[in-house]
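Here is what each chain is made of, one letter per residue.
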Amino acid sequence: MRDAVITVENLKEVQSMLGAVFNATQDAISVVDKDGIGIMINPAYTKITGLSEGDVLGKLATVDIAEGESVHMQVLATKKPVKGALLRVGPNRKEVLVNAAPIIVDGELIGSVGVLHDITEMNKLSEELRQAKQIIRKLEAKYTFDDIEGNDAELQNAVEKAKKAANTPATVLLVGESGTGKEIFAHAIHNSSERKYRQFVRVNCAAIPQSLLESELFGYEEGAFTGAKKGGKKGLFEEANGGTIFLDEIGEINVETQAKLLRVLQEKEIMKVGGIKPIGIDVRVIAASNIDIENAVKQGKFRKDLYYRINMFPIRIPPLKERKGDIGCLARFFIKKFNQEYGRNIEGINEDALQKLTEYQWPGNVRELENIIGRAIINMKMTEKTIQKRHLPKFELGDEKINVPAEVDFSEGAAMTLEQLTEKIEKEYISHVLRLCGNNKTQAAKLLQISLRNLYYKLEKYMIE
């Protein structure tokens, strides 16, 4: 009899301990019987779902479901556990992750227990982390003036002007052909300025569809347009607040957005799409263009007042064809770079190969030279140490015939629409011209006689990398 009393007392103690754990745990727990009727919930369940014992106990397990299927009912139907179910529960439609398992006593199913994890905060943190990673990629200013290779007098003059500009808050306009290194100059100016520890945001104005550019630059308020993100969105100018924003290919911005950009430069404030209250910002603007903006002003494609505002401190970066004396040092610089990337040990380039490079006019500029050196190293055997003329790929546009590479099947029963055929040929031909231009999109657009903006549209349409 004494042993029985001790056993009962121990049982009560265990029950008390389990009850304390049940009520103290931060995870929400609900229990239903074999018929799916709620019999137990803990305080954490009420806190997460907003449902009290009166709302749940004695009612069917589906009573708390706002979106999704009851895991309790699945467990009771299958007698198997359910893991990782995503549901929305309660009047506030709280998003939760649910694990549930059958309660079996002496081989008989008597109910189901479910544990709910609130993932609303987890999702919020995950989204903030994703945004932070995106911002970090935008904010990273990788280059300094030490990364600018070349001894050409005009190039060095551009470097000196850029160093002076870095010490001022003045708007800088970098002018030069595509591939001359305008972005490196922008990075270097930022890294030499008082803002070097703040944000650096790069925007390729030609790559963003013009219909979206305004909202990307200035942000938008919730409900500003169909599909607008709940809570609105920060624009790139806001992200760059306190730092530097680099507007590459600024000549591609449409006239309507140019007017808003002028307001930003003049008033130091932005207006979100759909907003009514201006937001003050402190941003240093570096703009770049590979087109003649003065000519664009004359043609009415670029606002004169905006041009005068961004042309406060113009810096011209000479094309490679005007500084061919730098080709040797640039080639050696790229050899060193690719040695590290490819795990090679190339020692240099011989005179014949260097002469071949010097004879070329380099429409793709330094970026094209980098491409050629990289391809030459790929063409070399592992035992070869010096780039020779035979290693250089064909890089003059006249070296290759421009043939339509698409194949058309004229066999019986095979057919495609004219639109499909046109798109097939267009996709392959654009890829072909890009290869000829060393992936220089500006040069490719000129050869194709289409605008750079139209080329970006087609690259996205045909998913051409």
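Before reading further, recall that the structure is shown in the block above.
Cut-offs and rules
- Residues numbered from 1 in each chain as written.
- Predicted model: local features only at pLDDT ≥ 70, side-chain atom pairs only at ≥ 80, totals over all residues.
- Heavy atoms only, no water.
- Helix = DSSP H or I, 4+ residues; strand = E, 2+ residues; numbered from the N terminus.
- Buried < 20%, exposed > 50% of the residue type's maximum accessible area, 1.4 Å probe, protein only.
- Contact = heavy atoms within 4.5 Å.
- Areas by Shrake-Rupley, 256 points an atom, 1.4 Å probe, with all protein chains shown as cover.
- Pairing = 2+ DSSP bridges.
- Axes fitted to C-alpha atoms, helices over the stretch in contact; angles between N-to-C directions.
- Phe/Tyr/Trp six-rings, centres within 6.5 Å; stacked < 30°, edge-to-face > 60°.
- Lys NZ or Arg CZ within 6 Å of the ring centre and 35° of its normal.
- Polar contact = N/O pair within 3.5 Å; in protein donor to acceptor, adjacent residues only side chain to side chain.
- Arc of directions from axis to C-beta.
- Core = buried A, V, L, I, M, F, W, Y, C linked by side-chain atoms within 4.5 Å.
- Salt bridge = Lys/Arg side-chain N within 4 Å of Asp/Glu carboxyl O.
- Parallel < 35°, antiparallel > 145°, perpendicular 65-115°, else oblique.
- Left-handed = near helix turned anticlockwise from the far one by under 90°.

Draft legend 1. Local environment of the overall build of the protein. On a plain count of helices and strands, the protein comes out with 18 helices and 15 strands. When each of the 465 residues of the protein is scored for burial, the buried share is 42%. In the protein, the proportion of contacts linking residues at least 24 apart, taken out of those at least 6 apart, comes to 63%. Counting every atom, the protein has about 26000 Å² of accessible surface; 51% of that belongs to carbon and sulfur.

Draft legend 2. Representation of the pairing of strand β8 (residues 200-204) in the model. With four of five residues buried, β8 lies mostly within the body of the structure. With five bridges connecting them, β8 and strand β9 (residues 244-248) associate as parallel partners. Looking at β9, one finds that Phe200 is bridged to Thr244.

Draft legend 3. How the structure looks around the sheet that holds strand β1 (residues 28-33). Here we have six strands laid out as an open sheet, ordered β2-β1-β6-β5-β4-β3, and antiparallel in their pairing. The sheet is open, and its two edges are formed by β2 (38-41) and β3 (65-67), each paired on a single side. This sheet shows a mean twist of 40 degrees between the axes of neighbouring strands, independent of strand direction. Pairing analysis gives six bridges linking strand β4 (residues 82-89) to strand β5 (residues 94-105), with the strands arranged antiparallel. Opposite Val82, over in β5, you have Ala100 as the bridge partner. Sheet contacts for helix α4 (residues 71-78): β1, β4, β5 and β6 (108-118); angle to β6, the most-contacted strand, approximately 150 degrees.

Draft legend 4. Seen up close, the packing of aromatic side chains. Overall, the coordinates contain five aromatic pairs when judged by the stated rule. Ring plane angle 75 degrees and centroid distance 4.7 Å describe the contact between Tyr360 and Trp362, whose orientation is recorded as edge-to-face. Looking at Trp362, the relative accessible area reads 0%, which means it is buried. Above the face of the Phe338 ring, Lys337 is positioned so that its terminal group lies 5.7 Å from the ring centre.

Draft legend 5. Structural context of the pairing of strand β12 (residues 284-289). Summarising burial for β12: six of the six residues are buried, a large majority. Burial of β12 is two-sided: the residues Arg284, Ile286 and Ala288 facing one way and the residues Val285, Ala287 and Ser289 facing the other way are all buried. For strand β7 (residues 172-175) and β12, the ladder comprises four bridges, and the chain directions are parallel. Residue pairing for β12: Val175 is matched across the bridge by Ser289.

Draft legend 6. Just the side chain of Ser112, in detail. Turning to its location among the elements, Ser112 is positioned in strand β6. The exposure class assigned to Ser112 is buried, which follows from its relative accessible area of 0%. Here His72 takes part through its side chain, which lies 2.8 Å from a polar atom of the side chain of Ser112. What Ser112 contacts, discounting residues up to four positions off in sequence, is Ser30, Val31, Val32, His72, Val75, Leu76, Ala100, Ala101, Pro102 and Ile103.

Draft legend 7. View of helix α14 (residues 351-359). Along α14, the positions that sit buried rather than exposed are Ala353, Leu354 and Leu357. Taken end-on, α14 shows its buried residues confined to a sector of 100 degrees, consistent with a single buried face. Turned more than 90 degrees away from the buried face of α14 sit Glu351 and Asp352, all of them exposed. In the core, the buried residues of α14 are packed alongside α13 (327-342), β14 (348-349), α15 (365-379) and β15 (386-387).

Draft legend 8. Spotlight on the nonpolar core. Ranked by size, the top nonpolar core spans 31 residues in total, and within it Val203, Phe237, Ile245 and Leu247 carry the most contacts. Ranked by the residues each element gives to this core, the list is headed by helix α10 (residues 255-267), at four residues. For Phe237, the contacting residues outside a window of four places in its chain are Leu217, Phe218, Ile245, Leu247, Leu261, Val264, Ile270, Ile281, Val283 and Val285. In terms of nonpolar packing, the next biggest core, distinct from the first, is built from 24 residues, Leu330, Phe334, Ala353 and Val366 among them.

Draft legend 9. Structural view of α4. Among all positions of α4, only Val71, His72, Val75 and Leu76 are buried. For α4, the arc enclosing every buried residue in end-on projection is 135 degrees, short of the 170-degree limit, so these residues lie on one face. Contacts from the buried residues of α4 go to β1, β4, β5 and β6. Its side-chain oxygen at 3.3 Å from the backbone nitrogen of His72, Ser70 defines the N-terminal cap of α4.

Draft legend 10. Expanded view of the pattern of salt bridges. Scanning the model with the defined rule gives 22 salt bridges in all. The shortest N-O distance in the salt bridge between Arg88 and Glu95 comes to 3.8 Å. Put simply, Asp305 and Arg303 hold a salt bridge, and the shortest N to O gap is 2.8 Å. Looking at Asp305, the relative accessible area reads 32%, which means it is partly exposed. In this structure, a network of salt bridges that share partners links the residues Glu67, Arg88, Arg93 and Glu95.

Draft legend 11. A look at the packing of helix α16 (residues 418-436) against helix α17 (residues 441-448). Running from amino to carboxyl end, α16 crosses α17 at an angle of 125 degrees, the nearest separation of the two axes being 9 Å. Between α16 and α17, the angle is such that the two are oblique. By crossing handedness, the relation of α16 to α17 is classed as right-handed. Counting all contacts with α16, which are made through Tyr429, Ile430, Val433 and Leu434, the residues of α17 involved are Lys441, Ala444, Leu447 and Leu448.

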